[in-house]
Structure formats: C-alpha cells, structure tokens
Amino acid sequence: MASQWARGMCKRCYEYSPHTVRTRAAGWARRMPCTPAWWDALTAHLATHRNVFYGADTLAHTARFVIDTGQTDPHDLLTEARRTRPWLGWLLAGFFHTHDLLEAPADILSSRAAVRRERRIAAVPAPLRPAVRAFADVLVARRENAENLGLRPNQLKTIEIRLDTVRDLALHLHAKGHTTWAGVNAGDLEAFLARNPARRASWLAGLRQFFAHAHRTGLVLHDPAAAMQAPQPRGFSGSTLTLDEQRVLYRRWRAGEGVLPHEAFIGLAALLHAATTTELRHLTLTDITTASRTVRFPGRSVDLALDDATWRALEACLTHRQALHTDNPHVLVTRLTRVTTPRRRSPHPRQPRTGRPPPSDPALYAAAHPCRRTRHQAAHRGPGHVLRRNCALPVAL
C-alpha cells in the first residue's frame, strides 16, 4: 500500500487545495483523444474562481462531454452543451466570453431583470404607478453610476426587493382608499409594517429610500419614514449556560480525569479565552510558544497567556498528537484529519491501535472521532458541534 503524504497538509486542507483541480485536469488531458487548446486556461479559471470540488467535477464533466461529442471548437461545443447539458453550457459560455474565445452576447441578465422590474411596476395600482416607475429608474441609474465610478453598486436583486416593498405598500394603501402618495402618513406605514414584524427592518429600508426620493422630487411635502425606527437585538441571542452549569464544566475540564483531551482544551479555551471554533480549528503548532506558555489564535494580533488549567489541557492535546504519529500541523487532530507517518514494523491497517485514552462518554467519543459517524448523524447538533460551528461556546460570563 503506497503512502500518501498529502504535501504535509491534513485531509481537509489537501482536498481544498487547488492542486486537486490541476491533478484532475492532467488526468483527463491524458484520456482525451485531442486536448483542447483552451484546456489549461479552463483549469486555471476553475482553480481560482470556483470551489475546488465544483471545479474538479466540472473538469470531469467537460472532458467526458468533449470525448462524447468529439468537439473542441468553443462555438460548436457550446451549441451542443446548451442543447443537451444546459448547466454546463452556462458555465462554458461564461468562460469562453471572459477569455475572448467567443464574442460576448448582449447583457441577458440585465434584460431579464428589466422584465422582472416591469412586472412588479405593472402590479402597482394605476394612480400610484408613475411614482414607482420613476423610483425604479432612479435605482437603476444609481447602479449604473456606481459601476462607472468603480464603486459597489446595488445588485439587481436588491432593486427588485425594494420594488416588492413599494408595490406591496401601494396595494395596501390603495385598499385603504389612497389614490396619491401625498396623503400617506407614519400611521399608514406602521399599519403596513405591522403585517409582518419579522420583515420590518427590510421593508423600512425600502420605504426610506422611496419616500426620500419622493420628498426630493416634491411628490410629498413630508417624509413619513424619516423618523421611523426598526430596532434589532444586538449581541449573542442564542441559548446560554447558567453559572452553575459553567462551574460544573470548568471543574470537569480542570480535573481532566476521564475526559478526552480535545474536549477539555476546546471547552476551557472557549469558556475562559472566548476562542471561536474557527480559531481552534486553524490553530497550528507554530502558534504555540512553550517557553512563555502563550498561544496566538489565528486572526488575533497578540499572544494570549494561558492559565494553568488551559495549558495542561493543551499539553494533553499535544501528547495525544504524538500518539497519532501525524504530520498534520494543526493542534486538534482526529482520525479523519490525521496524515499517518510511516513507522517501522507498523501494525496491520485493520489492527486496532493501542495507547488511545478510554472514552469518557460514548457521545463525546463519537464527537472526537467523526469518521465513526455517518453524514446524517454529523448533521445533527451534539457535543461535536463545537468543532463545526463558527461561534464560541455559548456561556454567560
């Protein structure tokens, strides 16, 4: 059995490396009877502009399509792809047009968005429609100006959301007997926003833009949405642990008896040092300074001095790493993310390894060894979600 070193990376980092796309492209290039002239350019495009797995699969589908059709000309290949594989034709069209292999067509997305905007404007009652049409033209003009100036323009979807809000407001006001925008007051807007409190902030953003435009153009003498607010809760809004529960967990992790090393270090780092799961997952050996007992979590600019309990838990994790004989540079290594270093007289692959600490709890053991769980089981929350979710341990300090 040949050993794969994975370029010194763990399984997750190796799979998300652009090397996967280039390897897949080289393999299919040898299998195709005639490699297209644009094959290397497509490989570089997918490696830099698409997810690694998506890019590798796209290369495989494109190579199979070239082999089946025997076409390498961009125009003929794109015509056949649009007829038999529309999803692949859309992707190839973007690549061919970006790299000047085909002439760029008319702006299809803008024309489709214009049709959708016109459909929303047509749904507005006739007496209130001219103001909505003028507002839509202003939003489109602002988008074009932002593109010309190199700024961040509003997306076409954002403009459609704003028109959806104004259209629903117009239908609501027309049902109440309003035929002009001049008679709209804050009470009418509050009645409209009360229909869906969860969408208040989004709806109010659209109403502020519309009535600001109406006030500038003289359609209304007073902006009824200027003084309205949409308060939103700030800070952590999830479930938290009580102080007694936190003390119980702290004593358990500090003692370290019958506790997996990963569990103790993750819990103490999140409880005492507000470490997020992203920081813990990307923590490597180079981030640890043993002499000063400090750790620099990824994304932080200063070294963090660890207390005695957290440092002992970290040392237990490092000891656990040595037992795995891994080249993975990360501190938290499991059976799924380790890369085994060949050893002399290594046991049979199916022979269970010895020296692993006994599990303190079956659920925690499954969390620390995700390869023993199915994908359906891993999707549910459990003790292992602390390594999957991008948030700190929910505690109330």
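Worth saying up front: this structure is predicted, and the values here are computed from it rather than measured.

**Structural notes on the side chain of histidine 273**
Positionally, histidine 273 belongs in helix α13 (residues 261–273). Given the relative accessible area of 13%, histidine 273 is considered buried. Engagement of the side chain of histidine 273 in a polar contact is seen with the side chain of aspartate 307, the distance being 2.9 Å. A polar side-chain atom of histidine 273 sits 3.5 Å from a polar atom in the side chain of threonine 310. Ignoring any residue separated from it by four or fewer positions in sequence, one finds histidine 273 in contact with Leu268, Arg300, Leu304, Ala305, Leu306, Asp307 and Thr310.

**Some points on the nonpolar core**
Counting 29 residues, the largest nonpolar core has Leu169, Trp181, Leu189 and Phe211 as its most contacted members. Looking at this core, the elements with two or more residues in it are α8 (129–149), α9 (156–175), α10 (186–193) and α11 (200–216). The next biggest cluster of nonpolar side chains, apart from the first, holds 25 residues, and it includes Ala47, Leu88, Ala93 and Phe96.

**Some thoughts on the packing of α8 against α11**
The N-to-C vectors of α8 and α11 enclose an angle of 105 degrees; their axes lie 10 Å apart at closest approach. Overall, the two elements α8 and α11 adopt an arrangement that is roughly perpendicular. Residues Ala131, Val132, Ala134, Phe135, Val138, Leu139 and Arg142 of α8 form the contact with α11, whose participating residues are Gly206, Gln209, Phe210, His213 and Arg216. Residue classes in the contact of α8 with α11 are distributed as seven nonpolar, three polar and two charged.

**A word on unusual backbone geometry**
Of note in this structure, alanine 274 is not a glycine but carries a positive phi near 55 degrees. Its place among the elements puts alanine 274 in the loop between α13 and α14 (277–281). Positive phi outside glycine occurs at arginine 293, with the angle close to 55 degrees. Summarising the element assignment, arginine 293 is placed in the loop between β1 (288–289) and β2 (294–295). Here arginine 293 falls in the partly exposed class, since its relative accessible area comes to 30%.

**Thoughts on the packing of aromatic side chains**
Under the criterion given, the structure shown has eight aromatic pairs. Geometrically, the ring pair formed by tryptophan 38 and phenylalanine 96 is edge-to-face, given 5.3 Å between the ring centres and 80 degrees between the ring planes. On the criterion of sequence distance, the pair formed by tryptophan 38 in the loop between α2 (19–31) and α3 (39–49) and phenylalanine 96 in helix α6 (residues 86–98) is long-range, its members being 58 residues apart. Each member of the pair, tryptophan 38 as well as phenylalanine 96, is classed as buried. Over the aromatic face of tryptophan 28 sits the side chain of arginine 31, whose NZ or CZ is 4.0 Å from the ring centroid.

**Some remarks on the environment of glutamate 279**
Locating glutamate 279 in the fold gives a position in helix α14. The class of glutamate 279 is buried, set by a relative accessible area of 11%. With 21 residues separating them along the chain, glutamate 279 and arginine 300 place their C-alpha atoms 9.0 Å apart. In contact with glutamate 279, not counting residues within four places along its chain, are Ala274, Phe297, Pro298 and Arg300. A distance of 3.2 Å separates a polar side-chain atom of glutamate 279 from the backbone nitrogen of threonine 276.

**Examining a nonpolar patch on the surface**
A contiguous nonpolar surface patch, about 390 Å² in accessible area, is contributed by Tyr54, Trp87 and Trp90. Mapped onto the elements of the fold, tyrosine 54 is located in helix α4 (residues 52–69).

**Here we look at the sheet that holds β1**
Here three strands make up an open sheet; going across it, the order is β1-β2-β3 and the pairing antiparallel. In this open sheet, the two strands that pair with only one neighbour each are β1 and β3 (304–305). Examined bridge by bridge, β1 and β2 share two bridges and lie antiparallel to one another. The partner of isoleucine 288 across the bridge, within β2, is valine 295.

Cut-offs applied
- Residues numbered from 1 in each chain as written.
- Predicted model: local features only at pLDDT ≥ 70, side-chain atom pairs only at ≥ 80, totals over all residues.
- Heavy atoms only, no water.
- Helix = DSSP H or I, 4+ residues; strand = E, 2+ residues; numbered from the N terminus.
- Buried < 20%, exposed > 50% of the residue type's maximum accessible area, 1.4 Å probe, protein only.
- Polar contact = N/O pair within 3.5 Å; in protein donor to acceptor, adjacent residues only side chain to side chain.
- Contact = heavy atoms within 4.5 Å.
- Core = buried A, V, L, I, M, F, W, Y, C linked by side-chain atoms within 4.5 Å.
- Axes fitted to C-alpha atoms, helices over the stretch in contact; angles between N-to-C directions.
- Parallel < 35°, antiparallel > 145°, perpendicular 65-115°, else oblique.
- Nonpolar A, V, L, I, M, F, W, Y, C, P; charged D, E, K, R; others polar.
- Phe/Tyr/Trp six-rings, centres within 6.5 Å; stacked < 30°, edge-to-face > 60°.
- Lys NZ or Arg CZ within 6 Å of the ring centre and 35° of its normal.
- Patch = residues over 30% accessible without salt bridge, like charges linked within 9 Å, V, L, I, M, F, W, Y side chains within 5 Å.
- Areas by Shrake-Rupley, 256 points an atom, 1.4 Å probe, with all protein chains shown as cover.
- Salt bridge = Lys/Arg side-chain N within 4 Å of Asp/Glu carboxyl O.
- Pairing = 2+ DSSP bridges.

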